[in-house]
Amino acid sequence: MKNEYLQAFKNGIAIFEESYQQKKVLELEDEISSQISKGKSEEEVIQGLGTVERRIENVLKENHVNIHNQRSNSFFSSKCASLLEIINHIIDVMSKNNSRTNAKIIFDILILIFLVCILKIPFILVRDLGDSLLSFLEIPIVLNFWHLVIELVYVILAVVVFLNIFKRWFRNLKVGK
């Protein structure tokens, strides 16, 4: 519980230099250790400290960091942050793995890309069906617009499918032995 609290605190102040982060984490760890040495349980001490978010906000305020600019709660930014977290996790795991395990991870990513490419087949069929239905109009702009619509729908769907599968597939990736 203590280590999780400290790690969450360190992650929250990651915008600062590593030395400053370590200093703040050590201060917090000393505070927790002194409370435990006075006879309190680890759970009581953690509850008494308050939420990690509150602690992080205090450090940001001490350093005159505008909290609102640092945190954006929009849908797009939260999805990007989630994706970056997973990519960092993959890089971290791959840096600790041997080459055989890393080859399997890369192979899994290639399989995922292949699956997204296979997803294109129904869109090609629908596009061709639309071409045959619209060919009697003999207006090239209509056919070009039809192709654009089909391609945009495919790109949006492919990105959503890729990201969702990518996140689920690699979120719980472990260091191989």
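All values derive from a computational prediction rather than experimental measurement.

Mapped onto the secondary structure, D131 falls in helix α8 (residues 120–134). R127 provides the closest opposite charge to the buried, salt-bridge-free D131, at an N-O distance of 4.5 Å. Not counting residues within four places of it along the chain, the set of residues in contact with D131 comprises L143, W146 and H147.

Right, let's get into the packing of aromatic side chains. With the rule as written, the count across this model stands at three aromatic pairs. Aromatic side chains F162 and F166 sit 5.6 Å apart centroid to centroid with 15 degrees between the ring planes, which places their arrangement in the stacked category. Taken together, the residues F162 and F166, both in helix α9 (residues 140–170) and four residues apart, mark about one turn of the helix.

The interhelical angle for the contact between helix α7 (residues 99–118) and α9, taken along N-to-C directions, is 150 degrees, at an axis separation of 10 Å. The angle between α7 and α9 places the two elements in the roughly antiparallel class. As for how α7 packs across α9, the hand of that crossing is right-handed. Side by side, α7 and α9 meet where I105, D108, I109, I111, L112, I113, V116 and C117 of the first sit next to Y154, A158, F162, I165, F166, W169 and F170 of the second.

Attention now goes to the packing of α8 against α9. For the pair α8 and α9, the least separation of the axes is 10 Å and the interaxial angle reads 165 degrees. Regarding the angle of α8 to α9, the classification is roughly antiparallel. As α8 packs across α9, the resulting crossing turns out to be right-handed. Only V142, L143, W146, H147, I150, E151, V153, Y154 and L157 of α9 make contact with α8, whose side of the interface consists of K120, F123, V126, R127, G130, D131 and L134. In terms of residue class, the contact of α8 with α9 is built from 10 nonpolar, two polar and four charged.

Within the secondary structure, D92 sits in helix α6 (residues 75–96). Each C-alpha atom of the pair D92 and E44 lies 33 Å from the other, and the pair is 48 residues apart in sequence. In terms of polar contacts, D92 uses its side chain to reach the side chain of K96, at 3.4 Å.

What follows concerns the side chain of D108. Residue placement: D108 occurs in helix α7. A distance of 2.8 Å separates a polar atom in the side chain of D108 from a polar atom in the side chain of K104. If near-sequence neighbours (up to four positions away) are discounted, D108 is found in contact with W169 and F170.

On to a nonpolar patch on the surface, then. On the surface, a cluster of nonpolar side chains totalling about 650 Å² of accessible area is made up of F114, L115, I118, I121, L125, I165 and W169. Within the residue set of the nonpolar patch, elements represented by two or more residues are α7, α8 and α9. With three residues, α7 is the largest single contributor of residues to the nonpolar patch. Within the secondary structure, L125 sits in helix α8.

Moving on to the nonpolar core. Ranked by size, the top nonpolar core spans 17 residues in total, and within it Y5, F9, F16, L28, I32 and L49 carry the most contacts. Ignoring sequence-local partners within four residues, the contact set of F16 consists of Q21, V59, L60, N63 and V65. Membership of the second largest hydrophobic core comes to nine residues, among which are L83, I86, I90 and F166.

About the criteria used
Residues numbered from 1 in each chain as written. Predicted model: local features only at pLDDT ≥ 70, side-chain atom pairs only at ≥ 80, totals over all residues. Heavy atoms only, no water. Helix = DSSP H or I, 4+ residues; strand = E, 2+ residues; numbered from the N terminus. Buried < 20%, exposed > 50% of the residue type's maximum accessible area, 1.4 Å probe, protein only. Lys, Arg positive; Asp, Glu negative; His and termini not counted. Salt bridge = Lys/Arg side-chain N within 4 Å of Asp/Glu carboxyl O. Contact = heavy atoms within 4.5 Å. Phe/Tyr/Trp six-rings, centres within 6.5 Å; stacked < 30°, edge-to-face > 60°. Axes fitted to C-alpha atoms, helices over the stretch in contact; angles between N-to-C directions. Parallel < 35°, antiparallel > 145°, perpendicular 65-115°, else oblique. Left-handed = near helix turned anticlockwise from the far one by under 90°. Nonpolar A, V, L, I, M, F, W, Y, C, P; charged D, E, K, R; others polar. Polar contact = N/O pair within 3.5 Å; in protein donor to acceptor, adjacent residues only side chain to side chain. Patch = residues over 30% accessible without salt bridge, like charges linked within 9 Å, V, L, I, M, F, W, Y side chains within 5 Å. Areas by Shrake-Rupley, 256 points an atom, 1.4 Å probe, with all protein chains shown as cover. Core = buried A, V, L, I, M, F, W, Y, C linked by side-chain atoms within 4.5 Å.

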